[in-house]
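Each chain, letter by letter, is given below.
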Amino acid sequence: MIRPTDHPDIPAPRVGVLIVNLGTPDAPDAPAVKRYLREFLSDRRVVEIPPLLWQPILRGIILNTRPKKSAHAYGQVWTNEGSPLAVHTRNTARALAERFADEGVLVDWAMRYGNPSIASRIAAMKQAGCERILFAPLYPQYSSATTATANDALFATLGGMRWQPAIRTLPPYHDDPGYIDALAESAQAHLAELGRPVDALLLTFHGMPERTLHLGDPYHCQCRKTARLLADRLQRPVEVSFQSRFGRAKWLEPSTEDTLARLARGGVKSLAVMAPGFSADCLETLEEIALRGRDVFVENGGEFFGYIPCLNAETRAIDFYQRLMRQNLQGWLT
Ligand SMILES: C=CC1=C(C)c2cc3[nH]c(cc4nc(cc5[nH]c(cc1n2)c(C)c5CCC(=O)O)C(CCC(=O)O)=C4C)c(C)c3C=C
Ligand SMILES: [Fe+2]
Ligand SMILES: [Fe+2]
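All values reported here derive from a predicted model rather than from experimental measurement.

A.B. asks: What is the right way to read the overall build of the protein from this model?
C.D. replies: In terms of helices and strands, the protein carries 11 helices and 8 strands. Taking 2.2 N^0.38 as the reference for a compact globule, 334 residues should give roughly 20 Å; the C-alpha atoms of the protein span a radius of gyration of 21 Å, in line with that estimate. Oriented by its inertia axes, the alpha-carbon framework of the protein measures out at about 80 × 50 × 40 Å. Out of the 334 residues in the protein, the part that is buried amounts to 41%.

A.B. asks: Please explain the site of ligand 1 as it appears in this structure.
C.D. replies: Among the 23 residues in the neighbourhood of ligand 1, the closest are listed as Thr 24, Ser 70, His 206, Cys 282 and Leu 283. Breaking the shell around ligand 1 down by element, the ones donating at least two residues are α2 (51-77), α5 (144-158) and α10 (283-299). Per-class residue counts for the shell around ligand 1 are 13 nonpolar, 8 polar and 2 charged. Counting contributing residues, the shell around ligand 1 receives three or more from each of domain 1 (14-172 + 316-328) and domain 2 (177-308).

A.B. asks: I tried to follow the nonpolar core on my own but got confused; where do I start?
C.D. replies: Burial of nonpolar side chains together is a common tendency in soluble globular proteins. Of all hydrophobic cores here, the largest spans 85 residues; its most connected members are Val 17, Leu 18, Val 20, Ala 136 and Leu 271. Two domains share this core, each providing at least three of its residues, namely domain 1 (14-172 + 316-328) and domain 2 (177-308). When near neighbours in sequence (up to four residues on either side) are disregarded, Val 17 contacts Leu 96, Val 105, Val 107, Leu 134, Ala 136 and Met 325.

A.B. asks: I keep staring at the domain arrangement of the protein and nothing clicks. Help me out?
C.D. replies: It is common to report an interface's size as the accessible area lost on association of the parts. Domain annotation of the protein identifies domain 1 (14-172 + 316-328) and domain 2 (177-308). On a C-alpha basis, the centres of domain 1 and domain 2 stand 23 Å from each other. Taken together, the contacts link 23 residues of domain 1 with 23 residues of domain 2. Among the secondary structure elements, those contributing two or more residues to the side of domain 1 that touches domain 2 are α2, α3 (84-100), α5 and α11 (315-328). At 5 residues, α11 tops the list of elements feeding residues into the side of domain 1 that touches domain 2.

A.B. asks: What's the story with unusual backbone geometry in this structure? I'm lost.
C.D. replies: Keep in mind that most residues, glycine aside, have a negative phi and that most peptide bonds are trans. The step from Asn 115 to Pro 116 runs through a cis peptide bond, and the omega angle for that step is -10°. The linkage connecting Glu 253 with the following residue, Pro 254, adopts the cis geometry, with an omega of 0°. You can see Pro 254 is positioned in the loop between β6 (239-243) and α9 (256-265). In the Ramachandran plot, Gln 235 falls in the positive-phi region, its phi being about 55° despite a non-glycine side chain. Its place among the elements puts Gln 235 in the loop between α8 (219-234) and β6. A positive phi angle, near 60°, is found at Ser 244, a position not held by glycine. Structurally, the position occupied by Ser 244 is in the loop between β6 and α9.

A.B. asks: Help me understand the confidence of the model for the protein, please; the structure alone is not making it clear to me.
C.D. replies: Should pLDDT be low for a region, the predicted coordinates there are not to be read in detail. Per-residue pLDDT for the protein has a mean of 96; in total, 96% of the residues score no lower than 70. What the predictor reports for the complex is a pTM of 0.96 with an ipTM of 0.97.

A.B. asks: Can you walk me through the UniProt feature "binding site: Fe(2+)" (unreviewed entry) in the protein in this structure?
C.D. replies: Per the UniProt entry, the sites bearing "binding site: Fe(2+)" (unreviewed entry) are His 206 and Glu 284 in this numbering. In sequence the annotated residues extend across 79 residues, while in space they remain close, none of their C-alpha pairs exceeding 8.0 Å. For His 206, the position within the fold is in strand β5 (residues 200-206). What makes His 206 buried here is the crowd of 26 C-beta atoms within 10 Å. By the secondary structure assignment, Glu 284 is in helix α10. Setting aside residues up to four positions removed in sequence, Glu 284 forms contacts with His 206, Gln 243, Ser 244 and Phe 278.

A.B. asks: Would you mind going over the pairing of β6 with me for this structure?
C.D. replies: Looking along a regular strand, one sees the side chains alternate between the two faces of the sheet. For β6, the tally of buried residues reaches 5 of 5 residues, placing the bulk of the element in the interior. Alternating residues of β6 divide into Glu 239, Ser 241 and Gln 243 and Val 240 and Phe 242, and every residue in both groups is buried. Taken together, the 5 bridges between β5 and β6 define a ladder with parallel strand orientation. Residue Leu 202 lies in a different strand from β6, and its bridge partner there is Glu 239.

Each value, and the rule that gives it
- Residues numbered from 1 in each chain as written.
- Chains lettered and ligands numbered in written order.
- Predicted model: local features only at pLDDT ≥ 70, side-chain atom pairs only at ≥ 80, totals over all residues.
- Helix = DSSP H or I, 4+ residues; strand = E, 2+ residues; numbered from the N terminus.
- Rg over C-alpha atoms; globule rule 2.2 N^0.38 Å.
- Buried ≥ 20, exposed ≤ 12 C-beta atoms within 10 Å, placed from the backbone.
- Near = placed C-beta within 6 Å.
- Nonpolar A, V, L, I, M, F, W, Y, C, P; charged D, E, K, R; others polar.
- Domains from an automatic or database assignment.
- Core = buried A, V, L, I, M, F, W, Y, C linked by C-beta atoms within 7 Å.
- Contact = placed C-beta atoms within 7 Å.
- pLDDT = per-residue confidence, 0-100.
- UniProt positions renumbered as here; feature names shortened; annotations may be inferred.
- Pairing = 2+ DSSP bridges.

What follows is the structure, given as structure tokens:
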């Protein structure tokens, strides 16, 4: 007979939470951006063109032109602590780790592309005794190009492990009342800080090729639902648009750039813009929207442009994530 006391050296199985974001270059220079873009844009979930057609375009054209341009853009938003996306994701993990410390839950973070990789952090968590892991891609809306590919990378990692941890993956939280509340409170607080009322509020989401919608990707519908719930909660109308168009295919419409120009030309003088599809500020919000988007609005006759930051690692975000993770850890916490 084996009694528990026969094995006093085996530690109790631990629970871990791994929060995941898209990934970002290690430095704001062309070689680092090239490494990052090569990995990101070679993902068949992101660019759904057969590799025999796509790889020559990627390696022959895009990786020879885009890194320099993108490195310049990254340089405009880079901080002393690193890329904004990495800084906010790390700060979120640290703040959540504190909230869960008493319960012995380990909280870590990883990136789908670049560093720290999902494989390296899963290995480290297993090493630290995590036999149960909640894998949490921080994308409010599900998309094949974000949530699904993060899950793919996780399962590829598990494929190489003899003793796998048990896994739960975080579902999208685009319509979670706690998420809508956090967005609404953030919007209200930042709108008040602007010190003046705005004529319109624009919600900009990252774009996707339109065909992904027809192929059944729920992303577009989930963005629309987030927007509708947030408008209801704020009791004000909102505009919705999709940004960051890439390549020649038709992307979801209306585009953010066109919308900024249309609003300004239509007489909107003061505008607030928010990005409820991004958990953290990054190149796409800080450079594309807060800098270039502002220019488009002003060039077309707009006068005042207020950018409302993402939830990042603000206390209201951490409060929400703590509740969300706790719900998804049900039965795993003692
Ligand atoms: C090639 C097509 C792209 C698809 C499809 C796509 C979907 C998608 N992306 C995000 C979130 C982020 N994207 C970010 C950067 C970024 N995105 C693309 C292209 C596609 N994205 C590129 C080429 C880049 C790199 C920057 C550039 O060269 O312009 C980022 C920011 C990363 C950072 O380092 O700050 C995020 C976040 C979502 C949510 C999404 C689909 C729903
Ligand atoms: Fe993107
Ligand atoms: Fe962009």
